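This is what each chain is made of:
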Amino acid sequence: MGDATRPKPMQPVGGVPMVERLLRQIVDAGIRQVTVITGWQGHTIEQHLRSAEGLPSDLDLSFLREGVPRGNAGALALVPRDLPVLMAFADLVTDLDFRELYRIHQTRKAEVTLATHDEQIRLRLGEVVVQGDSVEGYLEKPQKTFLIGSGIVLFAPEVLELASSDAPLGLADLITRALDAGYHVSHWRHGAPWIDANTPEDLRAAEELV
């Protein structure tokens, strides 16, 4: 499943490319200024979204092509930011409530709010629980729960000044810079279905989800 000749955000789920599905969700939440950052085969994304039917007539849709890879957060330094900026990776399938994310961001007076979710991972091997050199337990292939960033973040405009960098910048790097600068970084455990569609198995799961 999946077409290796097209950019990943253009892989269809339920007959709709993931990037278009996400754009329509964002627009339905009331957002009217959207910048799509593209890299490889970016022109195919631009052509498709420009021709998408049923989008609001007042939507300000622009595109930013990365000539040189800047990491998954570096190009945020180049987007318009006179208002809070919602960043979302374009290969996600979710029904997260973007209005609620914004409400929580405003209520908490945060400069950064990450959408988060719980992820369960079962270890392949047994875990030895120790205190110093004493063994306190042995767990056979335990399941662990981790709080995961969902690839969707709201930023106050001033935080994105920290994205300026000569080297590629990852989202983790930007969040670390925000923390080091003393900004209030919050998170919201959204509880919504969420899939990062990186593999054929992920795409099949996304098809079942929608």
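Our subject is the structure listed above.
Residues numbered from 1 in each chain as written. Predicted model: local features only at pLDDT ≥ 70, side-chain atom pairs only at ≥ 80, totals over all residues. Heavy atoms only, no water.

Give a detailed account of the overall build of the chain, specifying residues and quantitative values.
For the chain, the helix and strand inventory stands at five helices and twelve strands. For the C-alpha atoms alone, the extent of the chain along its principal axes is close to 65 × 45 × 35 Å. Long-range contacts, defined as pairs at least 24 residues apart, comprise 71% of the intrachain contacts of the chain with a sequence gap of at least 6. By element, 50% of the accessible surface of the chain is carried by carbon and sulfur atoms, the whole surface being about 11,800 Å². Where the 20 positive side-chain charges of the chain centre and where its 30 negative ones centre are 1 Å apart. (Helix = DSSP H or I, 4+ residues; strand = E, 2+ residues; numbered from the N terminus. Contact = heavy atoms within 4.5 Å. Areas by Shrake-Rupley, 256 points an atom, 1.4 Å probe, with all protein chains shown as cover. Lys, Arg positive; Asp, Glu negative; His and termini not counted. Charge placed at Lys NZ, Arg CZ, Asp CG, Glu CD.)

Quick one: what's the story with the pairing of strand β4 (residues 60-65), residue by residue and with numbers?
Pairing between strand β3 (residues 33-38) and β4: six bridges, direction parallel. Paired with V36 across the strands is F63, a residue of β4. In this view, the connection linking β3 to its parallel neighbour β4 by way of helix α2 (residues 42-50) has right-handed handedness. (Pairing = 2+ DSSP bridges. Right-handed = clockwise from strand over helix to strand, strands pointing away.)

Residues and numbers for helix α1 (residues 18-28), please.
Taking burial as the measure, the eleven residues of α1 include eight buried ones, the bulk of the element. Just beyond α1, the residue with positive phi is G30, at close to 105 degrees. (Buried < 20%, exposed > 50% of the residue type's maximum accessible area, 1.4 Å probe, protein only.)

Tell me about the sheet that holds strand β10 (residues 143-155), residues and numbers included.
Reading across from one edge, β5-β10-β7-β11 is the order of the four strands in this open sheet, with mixed pairing throughout. Looking along the sheet, the strands with just one partner apiece sit at the ends: β5 (85-88) and β11 (185-189). Strand-to-strand twist of the sheet, defined as the mean angle between neighbouring strand axes without regard to direction, takes the value 40 degrees. Here helix α3 (residues 98-107) sits on the sheet and contacts β5, β7 (112-122), β10 and β11; the angle it forms with β10, its principal contact strand, is near 85 degrees. (Axes fitted to C-alpha atoms, helices over the stretch in contact; angles between N-to-C directions.)

Talk me through the nonpolar core; I want residue IDs and the actual numbers.
Of all hydrophobic cores here, the largest spans 27 residues; its most connected members are L49 and L61. Looking at this core, the elements with two or more residues in it are α1, β3, α2, β4, α3 and β10. Looking at this core, the element that brings in the most residues is α1, giving five residues. Ignoring sequence-local partners within four residues, the contact set of L61 consists of L23, V34, V36, L49 and R50. Counting 19 residues, the second largest nonpolar core, distinct from the first, contains A73, A77, L160 and L171. (Core = buried A, V, L, I, M, F, W, Y, C linked by side-chain atoms within 4.5 Å.)

With reference to specific residues and values, describe the pattern of salt bridges.
The full count for this structure, using the stated rule, is ten salt bridges. Taking the shortest distance from any N to any O, the salt bridge between R24 and E20 comes out at 2.9 Å. Within this pair, R24 and its partner E20 are both found in helix α1, separated by four residues, close to a single helical turn. When its relative accessible area of 25% is taken as the criterion, R24 is described as partly exposed. The exposure class of E20 is buried, given its relative accessible area of 11%. Linking R81 and E161 is a salt bridge whose minimum nitrogen-to-oxygen distance equals 3.1 Å. (Salt bridge = Lys/Arg side-chain N within 4 Å of Asp/Glu carboxyl O.)

Mind laying out the environment of E207, listing which residues take part and the relevant values?
Counting through the fold element by element, E207 comes out in helix α5 (residues 200-209). According to the relative accessible area criterion, E207 is partly exposed, its value standing at 32%. Along the chain, E207 and G14 lie 193 residues apart, while their C-alpha atoms are 5.7 Å from each other. Within the local environment of E207, its side chain forms a polar contact with the backbone nitrogen of G14, the two atoms lying 3.1 Å apart. (Polar contact = N/O pair within 3.5 Å; in protein donor to acceptor, adjacent residues only side chain to side chain.)

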